[in-house]
Amino acid sequence: MSAQPLEHAAPPEDGQEAAPRRRSTLAPRARSGHLRVLPIPDNEPPPLPRGMHPDAPDPRFVQGCLAVDFQLEGHDELFGPQSTGRADLPDPEAWAQRLITAILEAMDGVRPAGQLSRWISPDIRDRITRRGILARQRHQRPGGAHRVRALRVCEPADGIAEVAAVISHQTRVRALALRMTGVDGRWLITALELG
């Protein structure tokens, strides 16, 4: 016997055959008329007791990316990344200043390197990610903001900007060089060296 109710047809009139009974497409009705509410399962791990700290990760292991190389396939000329001329790009000096600060924060482990994915090439992002992970594992805490003391931009070709910068952090002064290429209407950092 089916749990679905049957449609009841009107009784046949004289001279007509009885119409065959068809099953209704209505959903089955609950017998008790009430819904049973179940609690949401708790999938979160229990919190650590007060005063305990999680185990430190193995310093020999730094998680990288999958070993898949998409560069070998190349890009379609029409739908792949398109180079952009200088006239369609923002001011390279202002962008370089902002990106240098964000890159240094990611190297210190303060900012996730994934936030920079749109403006840096994948190999540079991987280097920055590894360095940020190592900084967090060593429990390095930056003692203050990085400051760009001097910045010089050179544009050797249309849509390419090379940047040299002097940065300071506390009492330490360092040099940084990067190359920005215009791609899809934005600056993309394709080379980075930190001295």
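Residues numbered from 1 in each chain as written. Predicted model: local features only at pLDDT ≥ 70, side-chain atom pairs only at ≥ 80, totals over all residues. Heavy atoms only, no water.

## Some words on the overall build of the chain
For step 1, the next point in the chain: On a plain count of helices and strands, the chain comes out with 2 helices and 4 strands.
For step 2, the next point in the chain: Scanning the chain from its N terminus toward the C terminus, one meets helices and strands in the order α-α-β-β-β-β.
For step 3, the next point in the chain: A fraction of 51% describes how many contacts in the chain between residues 6 or more apart in sequence connect residues 24 or more apart.
For step 4, the next point in the chain: Per element, the accessible surface of the chain, about 15500 Å² overall, is 53% carbon and sulfur. (Helix = DSSP H or I, 4+ residues; strand = E, 2+ residues; numbered from the N terminus. Contact = heavy atoms within 4.5 Å. Areas by Shrake-Rupley, 256 points an atom, 1.4 Å probe, with all protein chains shown as cover.)

## Topic: the environment of A102
For step 1, the next point in the chain: In this structure, A102 sits in helix 1 (residues 92–107).
For step 2, the next point in the chain: The class of A102 is buried, set by a relative accessible area of 8%.
For step 3, the next point in the chain: A102 sits 11 residues away from A113 along the chain, and the two C-alpha atoms are 8.7 Å apart.
For step 4, the next point in the chain: Those residues in contact with A102 that lie beyond four places of it in its chain are R111 and L116. (Buried < 20%, exposed > 50% of the residue type's maximum accessible area, 1.4 Å probe, protein only.)

## Concerning helix 2 (residues 122–137)
For step 1, the next point in the chain: With 16 residues, helix 2 should reach 22 Å at 1.5 Å per residue; the first-to-last C-alpha distance of 22 Å fits that figure.
For step 2, the next point in the chain: Taken residue by residue, helix 2 has I124, D126, I128, G132, I133 and A135 as its buried positions.
For step 3, the next point in the chain: Of the surrounding secondary structure, the elements contacted by the buried residues of helix 2 are helix 1 and strand 4 (186–194).
For step 4, the next point in the chain: Positive backbone phi, at 55°, marks H139, one or two positions downstream of helix 2. (Expected span 1.5 Å × (residues − 1).)

## Some words on the sheet that holds strand 1 (residues 147–157)
For step 1, the next point in the chain: Read across the open sheet, the 4 strands follow the order 1-2-3-4; overall the sheet is antiparallel. Because the sheet does not close on itself, it has two edges, and the strands there are strand 1 and strand 4. Shown here is a sheet whose adjacent strand axes are inclined to one another by a mean of 25°, direction ignored.
For step 2, the next point in the chain: Running at roughly 125° to strand 1, helix 1 makes contact with strand 1, strand 2 (160–169), strand 3 (172–183) and strand 4 of the sheet.
For step 3, the next point in the chain: The sheet contacts of helix 2 involve strand 3 and strand 4, and relative to strand 4 the element is tilted by about 55°. (Pairing = 2+ DSSP bridges. Axes fitted to C-alpha atoms, helices over the stretch in contact; angles between N-to-C directions.)

## Side note on the packing of helix 1 against helix 2
Axis angle and axis distance: for two packed helices, these are the angle between their axes and the distance between the axes, and together they describe the pair.
For step 1, the next point in the chain: Running from N to C, helix 1 and helix 2 cross one another at 50°; their axes reach a closest spacing of 7 Å. When the axis of helix 1 is compared with that of helix 2, the two are oblique. Seen from helix 1, the contacting residues are I103, A106 and M107; seen from helix 2, they are I128, R131, G132 and A135.
For step 2, the next point in the chain: Among the residues forming the contact of helix 1 with helix 2, the class breakdown is 5 nonpolar, 1 polar and 1 charged. (Parallel < 35°, antiparallel > 145°, perpendicular 65-115°, else oblique. Nonpolar A, V, L, I, M, F, W, Y, C, P; charged D, E, K, R; others polar.)

## A few points about the packing of aromatic side chains
For step 1, the next point in the chain: Overall, the coordinates contain 1 aromatic pair when judged by the stated rule.
For step 2, the next point in the chain: When the ring of W95 is compared with that of W119, the centres are 6.1 Å apart and the planes differ by 40°; the resulting orientation is tilted. Of the two residues, W95 is situated in helix 1 and W119 in the loop between helix 1 and helix 2; the sequence distance between them amounts to 24 residues.
For step 3, the next point in the chain: One Lys or Arg, R98, reaches over the ring of W95 and ends 5.9 Å from the middle of that ring. (Phe/Tyr/Trp six-rings, centres within 6.5 Å; stacked < 30°, edge-to-face > 60°. Lys NZ or Arg CZ within 6 Å of the ring centre and 35° of its normal.)

## Side note on the pattern of salt bridges
For step 1, the next point in the chain: Counted according to the given criterion, the structure contains 4 salt bridges.
For step 2, the next point in the chain: Here D126 and R125 are joined by a salt bridge, their closest N and O atoms 3.7 Å apart.
For step 3, the next point in the chain: Residue classification places D126 among the buried residues on the basis of a relative accessible area of 19%.
For step 4, the next point in the chain: Look at R125 and you get partly exposed, because its relative accessible area is 23%.
For step 5, the next point in the chain: A salt bridge links R179 to E162; the shortest N-O distance between them is 2.4 Å. Of this pair, R179 sits in strand 3 while E162 is found in strand 2, placing the two residues 17 residues apart along the sequence.
For step 6, the next point in the chain: Exposure remark for E162: the relative accessible area of 31% places this residue in the partly exposed category. (Salt bridge = Lys/Arg side-chain N within 4 Å of Asp/Glu carboxyl O.)

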